[in-house]
Amino acid sequence: GSMNSYARLCSELFQSAQKSDHFKDLQIYYFHNCPYERLYTEPSCRIGFDVETNWALKNLSGEYKAIFVGDANMAPSELLIEGGSIAHYHYNERPGLAWLHDLKKKFNSSVWLNPLPQRYWSYSFTTTTIDIVRGVFPMFELTLDGIDAAIEQLLKKR
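The rules behind the values
- Residues numbered from 1 in each chain as written.
- Predicted model: local features only at pLDDT ≥ 70, side-chain atom pairs only at ≥ 80, totals over all residues.
- Heavy atoms only, no water.
- Helix = DSSP H or I, 4+ residues; strand = E, 2+ residues; numbered from the N terminus.
- Buried < 20%, exposed > 50% of the residue type's maximum accessible area, 1.4 Å probe, protein only.
- Pairing = 2+ DSSP bridges.
- Disulfide = S-S within 2.5 Å.
- Phe/Tyr/Trp six-rings, centres within 6.5 Å; stacked < 30°, edge-to-face > 60°.
- Lys NZ or Arg CZ within 6 Å of the ring centre and 35° of its normal.
- Expected span 1.5 Å × (residues − 1).
- Arc of directions from axis to C-beta.
- Salt bridge = Lys/Arg side-chain N within 4 Å of Asp/Glu carboxyl O.

J.: Run through the overall build of the protein, naming residues and quoting values.
T.: Of regular secondary structure, the protein possesses six helices and five strands. Moving toward the C terminus, one meets the helices and strands of the protein in the order α-β-β-α-β-α-α-β-α-β-α. Along the longest, intermediate and shortest principal axes, the C-alpha atoms of the protein span 40 × 40 × 35 Å. Out of the 158 residues in the protein, the part that is buried amounts to 41%.

As structure tokens, then:
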């Protein structure tokens, strides 16, 4: 199914990042829809396999190039209100958008890769949240071309 092609593209992304001289040290964290107070160290996003987002903001160097991968396809409340997270065991004290802005500020270069084909970004009922996320991060399609364009963006001198 589409999750498999998505996983394949992610591994393609990690491989090309590892091969490139510009990405020597790869740190991978996971989140469901939007990063909130915690980031996860494995894809299941289970409690016990997590770090505090504040820890990451404090301890990771701003020199890291941040690549977010997700369809940005969520309820607007997940980005815009406290308690909007859909994780039933987690009440987010701050709106998702506040975390996105903190992450954007922390890293000198960041991009968002979206597995949803670009032609749907403006026409799906989720266009609101996709537009909000695109207002924070340059967004590229999670395709081989999109990955190339995103990496080019990350390597641009500011």
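J.: Can you break down the pairing of strand β4 (residues 109–114) residue by residue, with the values?
T.: In terms of residue burial, β4 counts as a mostly covered element, since six of its six residues are buried. Where β4 meets strand β5 (residues 139–141), three bridges bridge the pair, whose relative direction is parallel. When the bridges of β5 are listed, W112 appears paired with M139.

J.: Describe in detail the state of the cysteines, supporting the description with residues and values.
T.: Scanning the entire structure with this criterion turns up zero disulfides. Cysteine C34 is unpaired, with the sulfur of C45 as its nearest cysteine sulfur at 12 Å. Accessibility expressed as a relative area gives 12% for C45, which makes it buried.

J.: Tell me about the packing of aromatic side chains, residues and numbers included.
T.: Going through the model one piece at a time under the given rule, you end up with five aromatic pairs. On the basis of an interplanar angle of 55° and a centroid distance of 6.0 Å, the ring pair of F31 and W112 is categorised as tilted. Of the two residues, F31 is situated in the loop between α1 (2–19) and β1 (38–40) and W112 in strand β4; the sequence distance between them amounts to 81 residues. Arranged with centres 6.0 Å apart and planes meeting at 35°, the rings of W112 and F137 form a pair that is tilted. Pair noted here: W112 is in strand β4 and F137 is in the loop between α5 (127–134) and β5, with a separation of 25 residues, a long-range link. F137 matches W112 in its accessibility class, with the two residues each being buried. Three or more aromatic residues joined by ring pairs form one cluster here, namely F31, F68, W112 and F137. A cation over a ring is seen here: R94 above W99, with NZ or CZ 4.4 Å from the ring centre.

J.: Break down helix α6 (residues 144–155) for me, citing the residues and quoting the values.
T.: Relative to the 16 Å expected for 12 residues at 1.5 Å per residue, α6 spans 17 Å between its end C-alpha atoms, a close match to the ideal helical length. Every buried residue of α6 is accounted for by G146, I147, A150, I151 and L154. One side of α6 holds all its buried residues, which, seen down the axis, span an arc of 135°. Exposed side of α6, more than 90 degrees from the buried face: D145, D148 and E152 are the residues found there.

J.: Run through helix α4 (residues 96–106), naming residues and quoting values.
T.: Every α-helix carries 3.6 residues per turn, so stepping three or four residues along brings you back to the same face. Restricting attention to buried positions, one finds in α4 the residues G96, L97, W99, L100 and L103. Within α4, the buried residues cover an arc of 155° as seen down the axis, which keeps them to one side.

J.: Describe the pattern of salt bridges, and please don't skip the residues or the numbers.
T.: For the coordinates displayed, the defined rule picks out four salt bridges. Among the salt bridges present, the one from E52 reaches R38, with a minimum N-O distance of 4.0 Å. Taken together, the residues E52 in strand β2 (residues 50–52) and R38 in strand β1 connect sequence positions 14 residues apart. The partly exposed category is assigned to R38, whose relative accessible area is 30%. Taken together, the salt bridges that share partners define one network made up of R38, D50 and E52.

J.: Give me the lowdown on the environment of Q15, citing residues and values where you can.
T.: Relative to the helices and strands, Q15 is located in helix α1. Overall, the relative accessible area of 41% leaves Q15 in the partly exposed class. For the pair Q15 and S5, spaced 10 residues apart in the sequence, the C-alpha separation amounts to 15 Å.

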